[in-house]
Amino acid sequence: MEFHECQLEGANFSETSLKGVDISTSTFEQLIIDMKDMRGCKVSTYQALQFASLLGLIIKD
């Protein structure tokens, strides 16, 4: 499944596996998700950095 250039602001994906789902071209500031359900989700580099910060990672160049 692919969300192509969708506005996903506030979308609720709780209790939903996003494995194989592509949200890389979509925009959002806030989603309702369980991080465990993100495994296998296709995201952009920018989105990956945002999700990593939610996990408490400190990203260095």
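- The protein is annotated in an unreviewed UniProt entry as Pentapeptide repeat-containing protein from Robertmurraya siralis.

### Some details on the packing of aromatic side chains
Next, step 1: Summed over the entire model, instances satisfying the criterion amount to 2 aromatic pairs.
Next, step 2: For the ring pair Phe3 and Phe13, a centre distance of 5.9 Å and an interplane angle of 70° mean the geometry is edge-to-face. With Phe3 in the segment before helix H1 (45-54) and Phe13 in the segment before H1, this pair connects stretches of sequence that are 10 residues apart.
Next, step 3: With centroids separated by 6.2 Å and ring planes inclined at 35°, the aromatic side chains of Phe28 and Phe51 adopt a geometry described as tilted. In this pair, Phe28 is assigned in the segment before H1 and Phe51 in helix H1, connecting sequence segments 23 residues apart.
Next, step 4: Owing to a relative accessible area of 10%, Phe51 belongs among the buried residues under this scheme.

Cut-offs and rules
Residues numbered from 1 in each chain as written. Predicted model: local features only at pLDDT ≥ 70, side-chain atom pairs only at ≥ 80, totals over all residues. Heavy atoms only, no water. Phe/Tyr/Trp six-rings, centres within 6.5 Å; stacked < 30°, edge-to-face > 60°. Helix = DSSP H or I, 4+ residues; strand = E, 2+ residues; numbered from the N terminus. Buried < 20%, exposed > 50% of the residue type's maximum accessible area, 1.4 Å probe, protein only.

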